Structures are given as structure tokens and as C-alpha cells.
Amino acid sequence: MGLCYSVDRTTGKEPGETSTTAETADDRLGSGRWRRPRDLKDGDEMEGVQEVSGRLISNGSSEIACLYTQQGKKGTNQDAMLVFEKFCSRDDTVFCGVFDGHGPFGHMVAKKVRDTLPFTISTQLKLASESEQNGLVNEKGQIKCTEEEEEEGERSECVTTMDEQWCELIPNENNSEHLPEMYLPLKHALLKSCQQIDKELKMHPTIDCFCSGSTSVTLIKQGEDLVVGNIGDSRAVLATRDEDNALVAVQLTVDLKPDLPSESARIQKFKGRVFALQDEPEVARVWLPNSDSPGLAMARAFGDFCLKDYGLISVPDINYRRLTQGDQFIILASDGVWDVLSNKEAVDIVASAPSRSTAARAVVDTAVRSWRIKYPTSKNDDCTVVCLFLQDAMEVASSVVKNSHKEESVERVSISNKDEEEDEIVPVKEESVPKSCGTESKMMTMTLAECISVAQDDEEWSALEGLTRVNSLLSIPRFLSGELRSSSWRKWL
């Protein structure tokens with residue numbers, strides 16, 4: 001997501017960035033790896049995680065998924081993404097996620113969440129399994145606190161924070177007959193993991209999360225069971241086929257914006273303010289009680305601790321879905337994509353891509369072009385897409401061949417019934433196909449799959465002098481620029 005802050009062109013660093021927090025050039029190019037800071041000595045703790053088999057965090061693809069990200073015109077790419085196959089050492093389980101950072105250190109927050117969330121969930125699931133065997137699980141499926149932990153308040157289940165308060169309000173589906181056995185343990189593991197990561201971010205020694213944060217949209221697919229968790233305004237969309245075999249887009253998550261009634265009520269309850277500025281009346285933002293800052297354009301996020309006492313939470317909105325034979329694929333994307341493409345447009349782009357490995361890039365390329373057309377004076381946002389395919393590639397190929405044979409036979413019958421004057425079909429020459437590609441389907445003469453074949457590097461377009469359409473964060477609170485530094489704001493909290 002974009003911000004109102006500048007980058008020093010001579011040093012390439014952002015405001016407040018030091019030698020210990022600055023990323024290397026590889027990170028800025030989207031390699032997706034954390035590097036050891038130069039001032040760390042051998043034996044010190046290294047930030048990040050090692051490469052893991054089946055874990056994709058940069059542009060690429062596998063047999064069941066593809067992912068692609070492209071930096072916008074606002075500065076450092078603050079998006080992060082992840083596909084983790086054989087999650088929790090299970091062959092039938094995959095973890096996918098898109099994380100959209102904002103604020104001066106948003107890119108670092110997004111990558112930190114990406115690197116720690118799957119392993120934290122895996123750890124929580126193991127703890128829950130061991131506790132269940134030892135009889136330490138309560139009626140809600142949560143791990144019980146011991147008497148000492150209740151007295152000392154060391155465990156998060158025994159500490160009353162805003163996140164825990166809202167976790168308690170989440171309906172208990174323990175008595176539902178339609179939910180699988182895996183759902184409740186996974187739900188509680190995801191809730192607990194998000195709380196734990198947010199606390200770790202608050203005390204992180206090198207990432208200043210006071211006015212920096214990240215969204216998170218994640219899914220865990222285990223067999224035919226799908227669990228989706230959402231924090232912020234990134235989105236998950238399912239492509240499925242209806243009774244007429246037509247491809248339909250089904251939105252799996254709700255964009256958690258501040259103007260949603262439930263979100264707005266919570267924020268106002270904790271003395272936060274929600275309103276939109278006059279020059280952007282469609283964008284509701286979260287503000288401090290007595291200061292017109294920071295103006296966060298989402299109601300839930302990791303980090304952003306300047307607003308955590310005023311209604312902002314990091315509790316994910318979790319949903320379950322049982323997959324069917326008609327479900328084709330799932331798209332996870334940051335709001336840079338959804339700002340310019342509808343759910344159906346994104347689904348159609350993936351369905352018409354030349355191959356599975358190019359589907360995510362097709363969506364990103366089309367989104368970038370749409371920014372140029374719809375908002376020519378604005379700087380386009382970072383765009384990140386993860387596509388998870390639910391059907392086997394061979395089955396999809398065979399069905400496509402069958403459908404093509406059916407269409408060919410129908411076409412031959414229709415041609416034979418025409419007048420004799422139309423006994424010859426003249427093929428369309430390639431020169432007659434325009435080389436431009438817009439986003440409105442009715443204005444397109446090229447297919448969406450052909451859009452990505454056009455060389456994007458040959459086009460010169462600049463919106464560096466234009467206005468940013470929507471910034472996730474408008475301003476930093478004034479007291480940050482005074483004597484209150486990053487090392488002391490945690491004490492102030």
C-alpha cells in the first residue's frame with residue numbers, strides 16, 4: 001500500500017531507517033529473503049527464516065499454485081506473499097497468504113508476518129494436539145491455563161486485552177454438525193498465532209511498528225476443507241462453476257474497512273474516530289481521539305500500535321468452506337488489484353491465461369494497465385496475486401479438449417445450415433487485432449490471456465508527478481518527531 005512519505009534518493013533509505021533495519025537491494029527487487037544486517041556478529045540471532053522445501057515467497061509457480069508481485073509507483077514494494085505446500089508435514093495441506101504493508105516500515109512488517117505466521121500456526125496446532133491428549137483443553141477447544149499462569153497472567157488466554165475481548169465475542173461453532181473436526185483447532189491456532197505475532201511486533205528491536213503495519217489474507221486447504229482468515233482489506237475470491245457450467249466469482253472474505261457498521265462501532269467504543277476527508281469521501285479512515293492522524297484506511301491490521309488502544313485489532317475474520325467438484329481456483333490479492341479489477345474480471349483473467357504458471361502475472365499486468373486507464377494521474381499501488389488451483393491439471397486439460405470438440409461440432413452444424421454464399425470462412429489476420437488492452441470487457445478485442453503477451457517494458461508511462469489515489473496511512477502523529485523515539489514509544493504504551 002502507498003504512503004505519504006519520501007525516500008532519500010541519495011541513500012535509498014526511508015525516514016527512520018537505520019543500518020540495522022535497511023533491506024538489501026535483493027529485498028527491494030523482490031527476492032523475498034531477509035538478509036543478515038551488517039552489524040550483527042556471528043552467533044547473534046538472524047532475522048528471518050531459512051529456505052524450506054515447498055515454500056514459495058517470490059515470483060514463480062508450482063504444480064498447484066502461482067504467485068506474482070510488482071512494485072507500484074509509490075516507492076518500495078510493501079507487499080509480501082507465500083505458498084507453503086505440505087504444510088504441517090501433510091501432503092494434502094497447503095498454506096497461502098498475501099500481506100500488504102503500510103507505513104514507513106510496512107514492507108518489513110509484511111515480511112515478518114509472512115515468515116512467522118505459518119510456523120506459529122504449526123506450533124499452536126502441535127501444542128493443542130498435545131494438550132488434548134493430556135486433557136488440558138476446555139469445552140471451547142482452547143488450551144486451559146494452569147493456576148500459576150492464571151495468577152501471573154503470563155499466558156495470553158489469561159490476559160484481558162482488546163484482541164482477546166473480541167476473540168471471546170466470536171460465535172462458538174463447537175456444536176455445529178456441519179463443521180469438520182479440523183476446523184476448531186485450526187481456528188483457535190490462527191487466532192492465537194495472530195495475537196502472538198502482534199505482541200512480538202510490538203516488542204521487536206528493529207522494526208518500529210508504532211505507525212507501520214500490514215494486512216493479511218490467508219487460507220489453509222486441507223483435503224476438501226478450506227479455512228480462510230482475513231485481517232484488513234486484502235481479499236480472497238473463489239472461482240466456481242454454476243449449474244450452467246459458467247464460471248462464477250464468489251468472494252470468500254469481507255473487506256474490513258472502518259465504515260463497516262460492526263467495525264465502526266468497535267472503534268468508536270474505544271474512543272477512536274472514523275470519518276472520510278472531503279477530497280476522498282469514499283475512503284473512511286481511523287483517527288486518534290484528539291489528533292487528525294494517522295488516518296488508517298482499514299479497521300484491522302498487524303502493528304499500527306498508535307491505534308491499538310482506540311479500536312484497531314489484529315483478530316482475523318475466519319470462515320470455513322467445503323470445496324466441491326465445481327470449484328476451480330482461488331485468488332488472493334492485495335487491494336492494489338481489487339481497486340481496479342472486479343472479482344469476475346480477475347477470475348476471467350486467470351481462466352483465460354495461457355498456462356497456470358502465468359495466471360498470477362496476467363492478473364497483475366492487467367491491474368497495472370487498468371490503473372493507467374482508470375486513474376491516469378495517480379500512482380499505481382503495489383499489486384500482488386497468489387493463485388491456488390483446486391483441480392488437477394490433467395483433468396482440466398481433458399475437459400477443455402472435450403469442450404472444444406463440442407464447440408467445433410456445433411460450429412460445423414451451424415455453418416452447414418447457412419446459405420451457400422457463406423460456404424467459406426475467412427480467418428482473421430493478426431494485423432487486424434489491436435495491440436491495446438483495456439480492462440472493460442466490452443471494449444476489448446483481445447482476450448485477457450493475450451493481454452500479458454504484450455511487452456510491458458516497451459511502454460513508457462509515468463505518474464510520478466500525479467496524486468496518489470488512496471494512501472493507507474495519511475500522516476504520522478506529531479509526538480513521534482519530538483523527544484519520543486522508537487526506543488521509548490513502547491514504554492509510553
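Taking an unreviewed UniProt entry as the reference, the protein chain is identified by name as protein-serine/threonine phosphatase belonging to Eruca vesicaria subsp. sativa. The record in UniProt for the protein chain states the following under Sequence similarities (unreviewed entry): "Belongs to the PP2C family."

### Observations concerning the overall build of the protein chain
Helix and strand content of the protein chain: twelve helices and 17 strands. Look at the contacts in the protein chain between residues 6 or more apart in sequence, and 69% of them connect residues 24 or more apart. Carbon and sulfur atoms provide 49% of the accessible area of the protein chain, an area that totals close to 25,400 Å².

### Looking at the sheet that holds strand β10 (residues 247–251)
Across the sheet, six strands lie side by side as β2-β3-β17-β16-β9-β10; this open sheet has antiparallel pairing. Both outer strands of the open sheet, β2 (60–61) and β10, are each paired with one neighbouring strand and no more. Taken strand by strand, helix α9 (residues 359–374) contacts β3 (65–70) and β17 (383–389), and its axis lies near 150 degrees from that of β17.

### Remarks on the nonpolar core
Core analysis: the biggest nonpolar cluster contains 34 residues, and F95, F99, V113, L117, I121, L201 and F302 have the highest contact counts within it. When contributions to this core are tallied by element, the ones reaching two or more residues are β4 (79–85), β5 (93–102), α2 (106–133), α5 (183–202) and β8 (225–231). Top contributing element to this core by residue count: α5, with nine residues. Non-local contacts of V113, meaning those with residues more than four positions away in its chain, are made with F99, P118, I197, L201 and F302. In this structure, Y68, V337, C383 and C387 belong to the second largest nonpolar core, which totals 29 residues.

### Re the pairing of β3
Burial within β3 is extensive, with five of its six residues counted as buried. Direction of pairing for β2 relative to β3: antiparallel, over a ladder of two bridges. Its bridge partner lying in β3, S61 is registered against C66. Count of turn residues in the β2/β3 antiparallel hairpin: three residues. The pairing of β3 with β17 spans six bridges and is antiparallel.

### Comments concerning unusual backbone geometry
In this chain, S293 is followed by P294 through a cis amide linkage whose omega measures -5 degrees. The residue P294 is located in strand β13 (residues 291–296) in this model.

### A short note on the pattern of salt bridges
Counted under the stated rule, the structure contains 14 salt bridges. Here R235 makes a salt bridge to D255, at a shortest N to O gap of 2.6 Å. Residue R235 is found in strand β9 (residues 235–241), and its partner D255 is found in the loop between β10 and α6 (261–269); the two are separated by 20 residues along the sequence. Like R235, the residue D255 is buried in the burial classification. Within this structure, R55, R114 and D115 form a network of salt bridges that share partners.

### Focus: the sheet that holds β13
For sheets, the rule is that strands pair by backbone hydrogen bonds, running either parallel or antiparallel. Reading across the sheet, the three strands line up as β11-β12-β13 and stay open at both edges, with antiparallel pairing between neighbours. Of all the strands in the sheet, the pair left with one neighbour each is β11 (273–276) and β13. For this sheet, the mean angle separating the axes of adjacent strands, direction not counted, is 45 degrees. Bridge count for strand β12 (residues 284–288) against β13 is three bridges, and the pairing is antiparallel. Each residue of the ladder has a partner; that of W287, found in β13, is P294.

### Notes on the packing of aromatic side chains
With the rule as written, the count across this model stands at seven aromatic pairs. Ring centres of F84 and F87 lie 5.7 Å apart, and the angle between their planes is 65 degrees; on these two criteria the pair is classed as edge-to-face. Through pairs of rings, three or more aromatic residues link up here, namely F84, F87, F95 and F119. Sitting above the plane of the F305 ring, K308 keeps its charged end 4.8 Å from the centroid.

### With respect to α9
Compared with an ideal rise of 1.5 Å per residue, which puts 16 residues at 22 Å, α9 spans 22 Å between its outermost C-alpha atoms and is within 8% of the ideal. Counting buried positions over the 16 residues of α9 gives 13, a clear majority of the element.

### Focus: the pairing of strand β16 (residues 327–333)
With respect to burial, β16 is a largely interior element, seven of its seven residues being buried. In the sheet, β9 pairs with β16 via six bridges, with the strands oriented antiparallel. Within β16, the residue paired with A239 across the bridge is F329. Here five bridges tie β16 to β17, and the two strands are oriented antiparallel to one another. Note on β17: the bridge partner recorded for A333 is V385.

### Some points on the side chain of S122
As for its placement among the helices and strands, S122 is situated in helix α2. If we skip the residues at most four places from it in the chain, S122 touches F87 and C88.

### What to know about the environment of V228
Position of V228 relative to the elements: it lies in strand β8. Put simply, V228 and V217 are eleven residues apart on the chain and 7.4 Å apart in space, counted from C-alpha to C-alpha. In contact with V228, not counting residues within four places along its chain, are T218, L219, A236, L252, T253, D317, I318 and N319.

Cut-offs and rules
Residues numbered from 1 in each chain as written. Predicted model: local features only at pLDDT ≥ 70, side-chain atom pairs only at ≥ 80, totals over all residues. Heavy atoms only, no water. UniProt positions renumbered as here; feature names shortened; annotations may be inferred. Helix = DSSP H or I, 4+ residues; strand = E, 2+ residues; numbered from the N terminus. Contact = heavy atoms within 4.5 Å. Areas by Shrake-Rupley, 256 points an atom, 1.4 Å probe, with all protein chains shown as cover. Pairing = 2+ DSSP bridges. Axes fitted to C-alpha atoms, helices over the stretch in contact; angles between N-to-C directions. Core = buried A, V, L, I, M, F, W, Y, C linked by side-chain atoms within 4.5 Å. Buried < 20%, exposed > 50% of the residue type's maximum accessible area, 1.4 Å probe, protein only. Salt bridge = Lys/Arg side-chain N within 4 Å of Asp/Glu carboxyl O. Phe/Tyr/Trp six-rings, centres within 6.5 Å; stacked < 30°, edge-to-face > 60°. Lys NZ or Arg CZ within 6 Å of the ring centre and 35° of its normal. Expected span 1.5 Å × (residues − 1).

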